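# Chain and residue survey
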Amino acid sequence: MLEHDVSLRPYNTFGIDVKARMLGRFASVVELRALLALPEVASAEKLILGGGSNLLFTKDFEGVVLKNEIRGLEVVDQDEAAETALVRAGAGESWHGLVQYALAQKLSGIENLSLIPGTVGAAPLQNIGAYGAELKDTFDRLEAVEISTGRLRTFTHEECGFGYRESVFKGPLRNQYIVTSVLLRLHRQARLNVSYGAIRTTLADMGIEADPTPQDVSEAVIRIRRSKLPDPAQIGNAGSFFKNPELSQASFDALKARYPDLPGYPVPGGVKVPAAWLIEQCGWKGRRLGYHGVHDQQALVLVNHGGAQGGDIRDLAHQIIASVREKFGVELHPEVNIM
Ligand code: EPU
């Protein structure tokens, strides 16, 4: 159940070749508790791994990597007449697998989140989001094991403290709980969100002018993602490397006066600007430095063309942060966890 000196290369979508001193897999709460009770695990630093799609390893990991392989997808409440259905997913299931399961059950609510890499258990940690939807829109509750006691606890929506790419599990409760299952409240009557312009134009390209189905929206999202975001199986990456910064209205107005093309989307308390735009304006888009670089279709995505070290990508991120700060006076923050 516990392996030693394991290459983590297959376990991170950047494809960085570092080692973990120990790696333990678990497929149930019982197996997880057994692992946590091993003395060498109890005393070691722990990293809980889902799909490894939001991680950048810069060195060997001297502790224990816990690989969540808890499976299972089910509709929990079977009332066919009800407007909604509660779906429970094991944390080790692939997120996109859950989206496909929901579509097959004719349930809507997560079609905009199609093709996001990673596992179900990692989704609430950063409240995954794309094309006008976020996990928190359909999230009901999750179950998690407390690392220090092995106790199983339920977290309600409110207790998860969701924000933009944020939750309590990235903040005050970081590394204290291991998510074992997630429950979502999905709709039996399609409630589609096609507010994002690219979804509407892609649906039109697909020849769907009226009444798209959740399946159609999923297909549109998949087309958009495939056109912009590199497939980690081909080019190592972890999706957006930085979060989109939020500026106060006054800072945004001042910047907009200097750069009239600056895009911005109103959010409570200010304006969110696309980090990709700032990075592109600094001349980084499509740049390649040896084995690593910035994706040519999406400036927010850093890539490993093969053979890059994690430290190279971290250094590139620092250079990008510095040039955006210098040109625009805006501070970028990584979305990816740098280890
Ligand atoms: N843009 C550029 N240059 C580029 C790409 C984009 O200037 O190379 C500008 C354009 O103005 C464009 C705007 O940025 O209209 C927004 O671009 P896009 O729709 O691609 O979205 P994003 O803000 O770059 C965010 C999420 C993505 C998510 C998309 C779609 C974050 C950090 N990223 O990216 O999430 O898929 O919106 O909703 O919020 C991820 O988190 O890993 C991720 C891929």
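The structure displayed is predicted, hence computed values, not measured ones.

## Considerations on the packing of aromatic side chains
Each aromatic ring pair is summarised here by two numbers: the centre-to-centre distance and the angle between the ring planes. For the structure on display, the rule yields 8 aromatic pairs. Taken together, the ring pairs connect Phe14, Phe241 and Phe242 into an aromatic cluster. Taking NZ or CZ as reference, Arg153 lies 3.9 Å from the ring centre of Phe155, over its face. Against the face of Trp284 rests Arg287, its NZ or CZ located 4.5 Å from the ring centre.

## Observations regarding the pairing of strand S11 (residues 152-156)
Bridge analysis of strand S10 (residues 139-146) against S11 gives 5 bridges, and the strand direction is antiparallel. Following the sheet pairing, Leu142 is matched in S11 by Phe155. Counting the residues between successive antiparallel strands, the hairpin from S10 to S11 contains 5 residues, one of them, Gly150, with a positive phi of roughly 80 degrees.

## Quick word on the side chain of Gln126
Relative to the helices and strands, Gln126 resides in the loop between helix H3 (95-104) and strand S8 (129-130). Of the residues examined, Gln126 reaches a relative accessible area of 11% and is grouped as buried. Setting aside anything within four residues of it in sequence, one finds Gln126 in contact with Asn54, Arg165, Glu166, Lys170 and Glu335.

## Quick word on the domain arrangement of the chain
Segmentation of the chain into domains returns domain 1 (2-68), domain 2 (73-187) and domain 3 (236-338). The C-alpha-based centres of domain 1 and domain 3 are spaced at 29 Å. In this assembly, 10 residues from domain 1 lie in contact with 17 residues from domain 3. With both sides pooled, the region where domain 1 packs onto domain 3 buries about 1,000 Å², and carbon together with sulfur makes up 56% of that total. Here domain 1 is connected to domain 3 by 0 salt bridges. For the pair domain 1 and domain 3, the interface holds 5 residue pairs in polar contact (both at pLDDT 80 or more). Its residues placed into classes, the side of domain 1 that touches domain 3 shows 5 nonpolar, 5 polar and no charged.

## Here's the deal with the layout of surface pockets
Considering only enclosed or pocket space, the second largest pocket measures out at about 350 Å³ in volume. Forming the walls of the second largest pocket are 15 residues, and the residues nearest its centre are Leu115, Pro117, Pro230, Asp231 and Pro232. Elements represented by at least two residues in the lining of the second largest pocket include exactly helix H6 (214-228) and strand S13 (236-240). For the lining of the second largest pocket, the element with the most residues is S13, which contributes 3 residues. Here the lining of the second largest pocket is composed, by residue class, of 8 nonpolar, 4 polar and 3 charged.

## Brief notes about the sheet that holds strand S6 (residues 73-75)
Judged by pairing direction, the sheet is antiparallel, and its 5 strands sit side by side in the order S6-S7-S12-S10-S11 without closing on themselves. Both edges of this open sheet fall to S6 and S11, since each of them pairs with a single strand only. Shown here is a sheet whose adjacent strand axes are inclined to one another by a mean of 20 degrees, direction ignored. Pairing geometry for strand S7 (residues 84-90) and strand S12 (residues 177-187), over 7 bridges, is antiparallel. From the neighbouring strand, Arg88 faces S12, where its bridge partner is Leu183.

## As for the side chain of Gln298
Here Gln298 lies in the loop between strand S18 (292-294) and strand S19 (301-304). A distance of 2.8 Å separates a polar side-chain atom of Gln298 from the backbone nitrogen of Leu300. Setting aside residues up to four positions removed in sequence, Gln298 forms contacts with Lys228, Leu229, Ala276 and Lys285.

## Looking at the site of the ligand
The immediate surroundings of the ligand are formed by 24 residues, with Tyr131, Tyr164, Tyr196, Glu280 and Glu335 found nearest. Here an oxygen atom of the ligand and a side-chain polar atom of Tyr164 are 2.7 Å apart. Within the contact set of the ligand, an oxygen atom lies 3.0 Å away from a backbone nitrogen or oxygen of Ala299. The set of elements that each furnish at least two residues to the shell around the ligand consists of S8, H6, S13 and helix H8 (275-281). Of the residues forming the shell around the ligand, the biggest block, 3 residues, is contributed by H8. Of the residues belonging to the shell around the ligand, the class tally is 12 nonpolar, 5 polar and 7 charged.

## Details of the sheet that holds S13
Strand pairing in a sheet takes place through backbone hydrogen bonds and is either antiparallel or parallel in direction. The 4 strands lie next to each other as S13-S19-S18-S17, forming an open sheet whose pairing is antiparallel. The open sheet has two edge strands with one neighbour each: S13 and strand S17 (288-289).

## Points about the nonpolar core
In this structure, Ile279 and Ile320 are the most contacted members of the largest nonpolar core, which totals 47 residues. Breaking this core down by element, the ones donating at least two residues are strand S2 (19-26), strand S3 (46-49), strand S4 (55-56), strand S5 (61-68), helix H7 (249-258), H8 and helix H9 (310-328). Looking at which element gives the most residues to this core, the answer is H9, with 7 residues. A domain-level breakdown of this core finds at least three residues from each of domain 1 (2-68) and domain 3 (236-338).

The rules behind the values
- Residue numbers here run from 1 along each chain, matching the order of that chain's written sequence.
- Confidence filtering applies because this is a predicted model: local features only for residues at pLDDT of at least 70, side-chain atom pairs given and counted only at 80 or more, and all residues used for totals across whole chains, interfaces and linings.
- Note: side-chain values were computed over all heavy atoms of the structure, leaving out hydrogens and water.
- Two rings belonging to Phe, Tyr or Trp (six-membered ring only in the last case) form a pair when the distance between their centres is within 6.5 Å. Interplanar angles under 30 degrees mark stacking, angles over 60 mark edge-to-face geometry, and anything in between is tilted.
- The criterion for a charge sitting over a ring is simple: Lys NZ or Arg CZ within 6 Å of the ring centre, and within 35 degrees of the ring normal.
- Between any two strands, at least two bridges found by DSSP are needed for them to pair.
- Here a strand is any run of E in DSSP of at least two residues, a helix any run of H or I of at least four, and the numbering for each starts at the N terminus.
- Relative accessibility decides the category of a residue: with a 1.4 Å probe and only protein chains considered, values under 20% of the type maximum give buried, values over 50% give exposed, and everything between is partly exposed.
- Two residues form a contact once any of their heavy atoms are found within 4.5 Å.
- An automatic or database domain assignment provides the domain bounds reported here.
- Computed with a 1.4 Å rolling probe, the buried area is the accessible surface lost when two parts are put together, summed over both parts.
- Salt bridge, as used here, is a side-chain nitrogen of Lys or Arg placed within 4 Å of a carboxyl oxygen of Asp or Glu.
- Think of a polar contact as two N or O atoms within 3.5 Å of one another; within protein, one of them needs to be a possible hydrogen donor and the other a possible acceptor, and neighboring residues in sequence only count if both atoms come from side chains.
- Under the convention adopted here, Pro, Cys and the residues Ala, Val, Leu, Ile, Met, Phe, Trp and Tyr are nonpolar, Asp, Glu, Lys and Arg are charged, and Gly plus all remaining residues are polar.
- A cavity here means a set of points on a 1 Å grid, drawn over the protein atoms and nothing else, where a 1.4 Å probe fits but cannot get out; a pocket is an open set with protein on both sides within 12 Å along at least five of seven lines, and a residue lines either one if it has an atom within 4 Å of a point.
- Grid points are joined across faces, edges and corners, and a volume is the space filled by probe spheres set on the points.
- Every angle, taken between N-to-C directions, lies between 0 and 180 degrees, and every axis is a line fitted to C-alpha atoms, over only the stretch in contact when it is a helix.
- Throughout, the term near means that a residue has one or more heavy atoms lying within 4 Å of the molecule or strand in question.
- As used in this record, nonpolar core signifies buried Ala, Val, Leu, Ile, Met, Phe, Trp, Tyr and Cys residues forming a set joined through side-chain atoms within 4.5 Å.

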